[in-house]
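A look at the structure
Chain by chain, the residues run as shown.
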Amino acid sequence: GAVVSQHPSRVICKSGTSVKIECRSLDFQATTMFWYRQFPKKSLMLMATSNEGSKATYEQGVEKDKFLINHASLTLSTLTVTSAHPEDSSFYICSASYGAGGNEQFFGPGTRLTVL
Amino acid sequence: GENVEQHPSTLSVQEGDSAVIKCTYSDSASNYFPWYKQELGKRPQLIIDIRSNVGEKKDQRIAVTLNKTAKHFSLHITETQPEDSAVYFCAAGGTGFQKLVFGTGTRLLVSP
């Protein structure tokens, strides 16, 4: 149980385009979803916390107009990187948690974004 | 806010040896401390966690200890195997659905 999927697993796009990444909890309802960014050989950097039906809470330094997060249902959250630039190239990972489990977060497989 | 420090950044051991990774945290309100293992290009996998009402927890070759007074917690892996080689992250979090703050990671290499 507690499986989280992410799509796509890899995406290559041209500079200036927008990219949408989906995060789905497959077998549970995720009250809260989190979006992380991970640079090579670095730790997970939290970008935002997303609760179903409400606006995401962004971490300091993360541009909310650049990284649009939508959490429309208890099983789906999306991250849209708008007007992507090469410096946005990174590994983006989502995680999901549910109330009964407390703080445990279940991670998706990640999406590797390359902006040319 | 919470700040988590993790040491060492790299750790090399021989197969069969023990490995210890240490983390400290700053926010006394944190009460949940998970450890994740991440292999190259893969998702982080929870390997063990501990809550603040417990001082030690063990699961086969893996154990975690927590010292709330000193605000530090440690991961202990005994009888290490080459497949234990990965990056390990500690994290600290609060109640409810609050975020986790991750340590900087430890690259563990177990040589046969």
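Just above sits the structure.
All of the points below concern the structure found in this document. Position numbers for residues count from 1 along each chain, tracking the sequence in the order it is written. Each chain is given a letter, starting from A, and each ligand a number, starting from 1, according to the order in which they appear as written. Only residues with pLDDT of at least 70 are given local features in this predicted model, and only at 80 or more are side-chain atom pairs given and counted; all residues enter the totals for whole chains, interfaces and linings. Side-chain numbers here rest on the full set of heavy atoms in the structure, without hydrogens or water.

Right, let's talk about the overall build of chain B for a bit. Looking only at helices and strands, chain B features zero helices and 11 strands. Over its C-alpha trace chain B gives a radius of gyration of 13 Å, about what one expects of a compact globule, namely 13 Å for 112 residues. C-alpha atoms of chain B, sized along the principal axes, occupy 40 × 30 × 20 Å. Out of the 112 residues belonging to chain B, those deemed buried represent 44%. Throughout, a contact is declared for two residues whenever any of their heavy atoms are within 4.5 Å. Within chain B, contacts between residues separated by at least 24 positions form 53% of all contacts whose residues are at least 6 apart in sequence. Values of accessible area rely on a 1.4 Å probe in the Shrake-Rupley scheme; residue burial ignores everything except the protein chains shown. Only carbon and sulfur atoms are counted for the fraction: they give 47% of the accessible area of chain B, which is about 5700 Å². Counting from the N terminus, the helices are the DSSP runs of H or I reaching at least four residues and the strands are the DSSP runs of E reaching at least two. Computation of the radius of gyration draws on C-alpha atoms, with the globule rule given as 2.2 Å multiplied by the number of residues to the power 0.38. With a 1.4 Å probe rolled over the protein chains alone, any residue whose accessible area is under 20% of its type maximum counts as buried; one over 50% counts as exposed, and the rest are partly exposed.

So, on to the pairing of strand β9 (residues 86–93) of chain B. Look at any regular strand and the pattern is simple: side chains alternate between the two faces of the sheet. All names here are of chain B. Most of β9 is tucked away, with eight of its eight residues classed as buried. Here strand β4 (residues 32–38) pairs with β9 via five bridges, running antiparallel. Across the sheet, the residue bridging to K37 is Y88, located in β9. Bridge count between β9 and strand β10 (residues 100–102): three bridges; the pairing is antiparallel. Strands qualify as paired when DSSP identifies two bridges or more between them.

Ranked by internal contacts, the top residues of the largest apolar core, which has 26 residues, are A:V4, A:W35, A:F67, A:I69, A:L79, A:Y92 and A:L113. Those elements that provide at least two residues to this core are β2 (10–13), β3 (19–25), β4 (32–38), β5 (44–51), β7 (67–73), β8 (76–81), β9 (90–97) and β11 (111–115) of chain A. Setting aside anything within four residues of it in sequence, one finds A:F67 in contact with A:R37, A:M47, A:Y58, A:V62, A:L79, A:T80, A:V81, A:D88 and A:Y92. Core analysis: the next-biggest nonpolar cluster, separate from the first, contains 25 residues, B:I21, B:Y25, B:F73 and B:V110 among them. The nonpolar core is taken to be a set of buried Ala, Val, Leu, Ile, Met, Phe, Trp, Tyr and Cys residues, with the residues joined through side-chain atoms within 4.5 Å.

This brings us to the pairing of strand β8 (residues 72–77) of chain B. Residue and element names in this part refer to chain B. Bridge analysis of strand β3 (residues 19–25) against β8 gives six bridges, and the strand direction is antiparallel. Residue pairing in the sheet places T24 in a bridge with H72 of β8. Here strand β7 (residues 62–67) pairs with β8 via six bridges, running antiparallel. Directly across from T65, in β8, lies its bridge partner S74.

Before going further, it helps to spend a moment on unusual backbone geometry. Residue and element names in this part refer to chain A. Residues H7 and P8 are joined by a peptide bond in cis, for which omega reads 0°. If you trace the backbone, P8 turns up in the loop between β1 (4–7) and β2. For K41, which is not a glycine, the phi torsion comes out positive at approximately 60°. Following the sequence through the fold, K41 ends up in the loop between β4 and β5.

Let us now look at the sheet that holds strand β1 (residues 4–7) of chain B. Residue and element names in this part refer to chain B. Strand order in the open sheet formed by five strands is β1-β3-β8-β7-β6, and the pairing between neighbours is antiparallel. The strands lining the two open edges of the sheet, one partner per strand, are β1 and β6 (56–59). Within the sheet, the average angular offset between the axes of one strand and its neighbour, ignoring direction, is 15°. Think of each axis as a best-fit line through the C-alpha atoms, taken over the contacting stretch in the case of a helix, with angles from 0 to 180 degrees between the N-to-C directions.

The pairing of strands in a sheet happens through backbone hydrogen bonds and is either parallel or antiparallel. Residues and elements named next belong to chain A. Read across the sheet, four strands follow the order β1-β3-β8-β7 without closing on themselves; strand pairing throughout is antiparallel. In the strand order of this sheet, the two ends are held by β1 and β7, each with one partner. Strand after strand, the sheet turns through a mean of 15° between neighbouring axes, direction not considered. Bridging between β7 and β8 involves five bridges; their strand directions are antiparallel. Looking at β8, one finds that N70 is bridged to T78.

Turning next to the interface of chain A and chain B. The interface is formed by 26 residues belonging to chain A together with 23 residues belonging to chain B. Buried area counts how much accessible surface, traced with a 1.4 Å probe, disappears from two parts once they are put together, with both parts' losses summed. Carbon and sulfur atoms supply 52% of the area buried between chain A and chain B, which totals about 1800 Å² over both sides. The salt bridge criterion pairs a side-chain nitrogen of Lys or Arg with a carboxyl oxygen of Asp or Glu, the two atoms within 4 Å. Linking chain A with chain B are one salt bridge, by the criterion used here. Across the pair A:E59 and B:K99 runs a salt bridge, and its minimum N-O distance is 2.8 Å. Distance and chemistry together define a polar contact, namely a pair of N or O atoms within 3.5 Å, with one atom able to donate a hydrogen and the other to accept it when in protein, and with adjacent residues in sequence counting only for side-chain atoms on both sides. Joining chain A to chain B, the criterion identifies six residue pairs in polar contact (both at pLDDT 80 or more). Those elements giving two or more residues to the side of chain A that touches chain B turn out to be β4, β5 and β9 of chain A. With four residues, the top contributor of residues to the side of chain A that touches chain B is β4(A). Only Asp, Glu, Lys and Arg are considered charged in this grouping, and only Ala, Val, Leu, Ile, Met, Phe, Trp, Tyr, Cys and Pro are considered nonpolar; every other residue, Gly among them, is considered polar. Residue classes in the side of chain A that touches chain B are distributed as 10 nonpolar, 12 polar and four charged.

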